[in-house]
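A look at the structure
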Amino acid sequence: MLQRLYNWTLGMAEHPRALWVLAFVAFIESSVFPIPPDVIMIPMIIARPNRAFVIAGVALVASVLGGLLGYAIGALAYDTIGQPILAALGKGDAMADFNTRFNDLGFWAVLTAGVTPFPYKVITIMSGWTGMPLGTFIATSILARAVRFFIVAALLRTFGAPIRDFIERRLGLMFTLLVVLLIGGFAAVKFL
């Protein structure tokens, strides 16, 4: 089954709508979807290394736009739902202190989540929820997602054939590592 999924994603890289699928996944991953766009982006670049930077650019733009949706979710849902509940529980002041601490470190939080396997959507929603300045959020998101996607693109474009051979020989191991990274990211969110 894993081999069929891998072959399907490589085949999708040749499909005329592959960039749209990548854009959709990158967009929704930044606000609500648990699977990172790398799952589609990496096979696309492996299949078409000459388009690596176009693929990374699409992922970047869609991811930042999706991050803005996550920011809006945090900003709008907190004001209408979260804040009244916390105020009723007597925790309104505690949240104000948390918001200040988060925004003091906000640049680093967005940068870290944007580059690492940490779920970026958590930080996009928290950024809106805490009222992080939108300009800081956008600039940091662009920087973080560009670093992540373009480094992957450059590595795959440069070392594509050996990496493809390595992945194909060790597909089970690669899938296991991806799952471990995803679970680790969600575990980190739980303990933060």
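Note that the structure is a prediction, hence the values are computed from the model and not measured.

Conventions we followed
Along each chain, residues carry numbers from 1 onward, in the same order as the chain's sequence is written. The model is predicted, so local features are restricted to residues of pLDDT at least 70 and side-chain atom pairs to those at 80 or more, both for listing and for counting; the totals for chains, interfaces and linings are taken over all residues. Hydrogens are left out, water is left out, and the side-chain values use all remaining heavy atoms of the structure. We count a stretch as a helix when DSSP gives it H or I for four or more residues in a row; a strand needs E for two or more, and each element gets its number in order from the N terminus. Remark: exposure states derive from per-residue accessible area (1.4 Å probe, protein chains only) relative to the maximum for the residue type, with buried under 20%, exposed over 50%, and partly exposed in between. Here, residues are in contact when the closest pair of their heavy atoms is within 4.5 Å. Computed with a 1.4 Å probe, the accessible areas rest on the Shrake-Rupley method; for each residue, only the protein chains presented here act as cover. The working definition used for a salt bridge is a side-chain nitrogen of Lys or Arg within 4 Å of a carboxyl oxygen of Asp or Glu. For the purposes of this section, nonpolar cores are sets of buried Ala, Val, Leu, Ile, Met, Phe, Trp, Tyr and Cys residues that join through side-chain atoms within 4.5 Å. A helix's residues, less one, multiplied by 1.5 Å, set its expected span. Whenever a nitrogen or oxygen atom comes within 3.5 Å of another N or O atom, the pair is scored as a polar contact, on the condition that within protein one atom can donate a hydrogen and the other can accept it, and that pairs from neighbouring residues in sequence are kept only if both atoms are in side chains.

Another aspect to go through is the overall build of the protein chain. A count of helical and extended segments in the protein chain gives 8 helices and 0 strands. Element order for the protein chain, N to C, with α for helix and β for strand: α-α-α-α-α-α-α-α. Buried positions account for 38% of the 192 residues belonging to the protein chain. Within the protein chain, contacts between residues at least 6 apart in sequence are counted, and of these 79% link residues at least 24 apart. Surface accessibility of the protein chain: about 10400 Å² in total, with carbon and sulfur atoms responsible for 74%.

The topology assignment puts Thr-124 in helix α6 (residues 120-130). Classification of Thr-124 by relative accessible area gives buried; the value is 0%. Residues Thr-124 and Leu-68, spaced 56 residues apart in sequence, show a C-alpha to C-alpha distance of 7.2 Å. If sequence neighbours within four positions are ignored, Thr-124 has contacts with Ser-30, Ser-31, Gly-67, Gly-70, Tyr-71 and Phe-137.

Looking now at the side chain of Lys-121. You can see Lys-121 is positioned in helix α6. For Lys-121, a relative accessible area of 10% translates into the label buried. If near-sequence neighbours (up to four positions away) are discounted, Lys-121 is found in contact with Glu-29, Ser-30, Ser-31, Val-32, Phe-33 and Pro-34.

Attention now moves to the pattern of salt bridges. Inspection of every chain in the model, using the stated rule, returns 3 salt bridges. For Lys-121, the salt bridge is made with Glu-29, and the minimal N-O distance between the two is 3.7 Å. Taken as a pair, Lys-121 in helix α6 and Glu-29 in helix α2 (residues 18-29) lie far apart in primary sequence, 92 residues in all. One salt bridge in this structure joins Arg-145 and Glu-29, with 2.9 Å as the shortest N-O distance. One end of the pair, Arg-145, is in helix α7 (residues 134-169); the other, Glu-29, is in helix α2, and 116 residues separate them in sequence. Each of Glu-29, Lys-121 and Arg-145 takes part in one network of salt bridges that share partners.

Turning to the nonpolar core, a few remarks are in order. Leu-22, Met-41, Met-44, Ile-45, Ile-55 and Phe-149 are the most contacted members of the largest nonpolar core, which totals 19 residues. Of all elements in the fold, only α2, α3 (38-47), α4 (52-88) and α7 reach the threshold of two or more residues within this core. Beyond its immediate sequence surroundings of up to four residues, Leu-22 is in contact with Pro-37, Ile-40, Met-41, Met-44, Ile-55, Val-58 and Ala-59. Ranked by size, the runner-up nonpolar core spans 7 residues in total, among them Tyr-71, Ala-109, Val-110 and Tyr-120.

Take α2 next. Across its 12 residues, α2 extends 16 Å between first and last C-alpha, which sits within 8% of the 16 Å expected from 1.5 Å per residue. Three or more residues of α2 are buried, namely Ala-18, Leu-22, Ala-23, Val-25, Ala-26, Ile-28 and Glu-29.

On to α3. At 3.6 residues per turn, the α-helix brings residues three or four places apart onto the same side. Of all 10 residues making up α3, 7 are buried, and the element is well covered by its neighbours. Among all positions of α3, only Asp-38, Ile-40, Met-41, Pro-43, Met-44, Ile-45 and Ile-46 are buried.

In this section: the side chain of Ser-63. The residue Ser-63 is located in helix α4 in this model. Side chain to side chain, Ser-63 and Arg-145 meet in a polar contact 2.8 Å long. Apart from the residues within four sequence positions on either side, Ser-63 is in contact with Ala-26, Phe-27, Glu-29, Ser-30, Tyr-120, Arg-145 and Phe-149.

Functional significance is not addressed by these values, which are geometric in nature.
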